[in-house]
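Chain by chain, the residues run as shown.
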Amino acid sequence: MKVIRLYMNNRLRNFNYIIGCEKTGQAIALDPLDGEAVLSAAKAEGWQIKLIINTHEHHDHIEGNPTVQAATGAPIWASEHAIGKIPNVARGLIANEVFELGSMVFKVLPTPGHTPVHVCLLTVSEKNPILFSGDTLFNACAGNCFNGGNVDQMYETFKAVLKPLPDETILYPGHDYMKTNLGFSLVWEPNNEDTTYWQRSVESLQPNDMPYMTLGQERLYNPFLRLESPSLIAKLEASGESITSSRAVFTALRSRRDKW
Ligand SMILES: [Zn+2]
């Protein structure tokens with residue numbers, strides 16, 4: 001498997017992914033926004049796009065579908081709950097189903113929260129699993145819940161779906177927000193040396209050069225994965241939040257991030 005990450009250079013800072021099987025040349029276009037860019041990147045690899053998959057229904061994750069489909073004939077797959085919300089979905093993906101393309105094997109993770117129909121893809125054919133997290137988990141943050149989402153569902157997704165994933169899982173998020181998010185992390189854990197280290201490490205990098213982080217690394221600085229951190233809880237309480245549970249930490253952080 002080889003993954004091409006394309007930075008869209010747009011206001012929303014989307015990443016598009018083309019996931020290719022190097023043995024068969026079959027590929028998946030994930031959340032295509034700039035269809036032409038996706039097509040030319042696949043062509044440069046000698047790949048044939050066999051599937052278009054959308055993590056969720058937001059326009060910046062589906063807008064390139066028609067262009068890619070017109071050129072390749074690839075069917076569109078998305079959550080079964082996205083049928084009717086995303087045009088021309090040919091197959092509704094069911095929670096935890098496993099599918100193959102070439103030598104690549106993926107599991108569909110149901111991850112509601114950013115929107116009710118959101119799914120993530122997890123590779124099960126790679127030595128180190130890869131998580132294509134769409135707008136659920138970003139570097140140093142969680143996705144927002146103010147555009148059709150629900151923060152309680154997002155918390156449940158983090159707890160039930162993301163938390164059990166192993167540290168060596170590599171994160172491929174839907175947007176390049178890492179620099180901004182590390183700034184937010186530092187507001188709530190100003191003495192976190194890992195956050196400071198990574199902020200310094202990435203501050204001069206261009207989007208195409210941003211590192212691929214593991215969940216183990218994210219767990220060191222992503223506040224949404226650090227709900228039990230005593231310093232984080234103390235900081236939230238000092239700012240007037242009433243913290244009685246991990247859910248309360250998550251909800252308070254998401255609310256603060258919306259206003260930040
Ligand atoms: Zn979105």
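Going by the structure above, here's the rest.
Residues numbered from 1 in each chain as written. Predicted model: local features only at pLDDT ≥ 70, side-chain atom pairs only at ≥ 80, totals over all residues. Heavy atoms only, no water.

### Digging into the coordination of the zinc ion
Looking at the metal site, the zinc ion is ligated by His 56 (NE2), His 58 (ND1), His 114 (NE2) and Asp 135 (OD), spaced 2.2 to 2.3 Å from it. For the zinc ion, the donor residues sit on a single chain with the sequence spacing H-x1-H-x55-H-x20-D. One end of the pair, His 56, is in the loop between strand E4 (48-53) and helix H2 (65-72); the other, His 114, is in the loop between strand E8 (104-110) and strand E9 (119-123), and 58 residues separate them in sequence. This pair shows no difference in class: His 56 is buried, exactly as His 114 is. (Donors = N, O, S within 2.8 Å, 3.2 Å for Na, K, Ca; no water. Helix = DSSP H or I, 4+ residues; strand = E, 2+ residues; numbered from the N terminus. Buried < 20%, exposed > 50% of the residue type's maximum accessible area, 1.4 Å probe, protein only.)

### Some points on the sheet that holds strand E13 (residues 170-173)
The strand order E7-E8-E9-E10-E13 describes an open sheet built from five strands, whose pairing is mixed. Only two strands of the sheet have a single neighbouring strand rather than two, namely strand E7 (98-101) and E13. Averaged over all pairs of adjacent strands, the angle between strand axes in this sheet comes to 25 degrees, irrespective of strand direction. When E9 meets strand E10 (residues 130-134), the two strands line up antiparallel, connected through two bridges. Bridged to Leu 121 within E10 is Phe 132. (Pairing = 2+ DSSP bridges. Axes fitted to C-alpha atoms, helices over the stretch in contact; angles between N-to-C directions.)

### Here's the deal with the pattern of salt bridges
Oppositely charged side chains can pair when the atoms bearing their charge come close. Within this structure, the stated rule accounts for 10 salt bridges. The partner of Arg 256 in a salt bridge is Glu 241, with the nearest N and O atoms 2.8 Å apart. Pair noted here: Arg 256 is in helix H8 (residues 246-259) and Glu 241 is in the loop between helix H7 (230-238) and H8, with a separation of 15 residues, a long-range link. Where salt bridges share partners, they join Asp 152, Glu 156 and Arg 247 into one cluster. (Salt bridge = Lys/Arg side-chain N within 4 Å of Asp/Glu carboxyl O.)

### Structural notes on the sheet that holds E4
Read from one edge to the other, the open sheet built from six strands follows the order E1-E2-E3-E4-E5-E6, with strand pairing classed as mixed. Of all the strands in the sheet, just strand E1 (2-7) and strand E6 (89-93) have a single pairing partner and so form its edges. This sheet shows a mean twist of 25 degrees between the axes of neighbouring strands, independent of strand direction. Sheet topology places strand E3 (residues 26-30) next to E4; five bridges connect them, and they run parallel.

### Digging into the packing of H7 against H8
Remark: H7 packs on H8, axes separated minimally by 11 Å, with the N-to-C direction vectors making an angle of 60 degrees. Judged on the interaxial angle alone, H8 and H7 are oblique. For the pair H7 and H8, the sense of crossing is left-handed. Contacts from Leu 232, Ile 233 and Leu 236 in H7 reach Val 249, Ala 252 and Leu 253 in H8. By residue class, the composition of the contact of H7 with H8 is six nonpolar, no polar and no charged. (Parallel < 35°, antiparallel > 145°, perpendicular 65-115°, else oblique. Left-handed = near helix turned anticlockwise from the far one by under 90°. Contact = heavy atoms within 4.5 Å. Nonpolar A, V, L, I, M, F, W, Y, C, P; charged D, E, K, R; others polar.)

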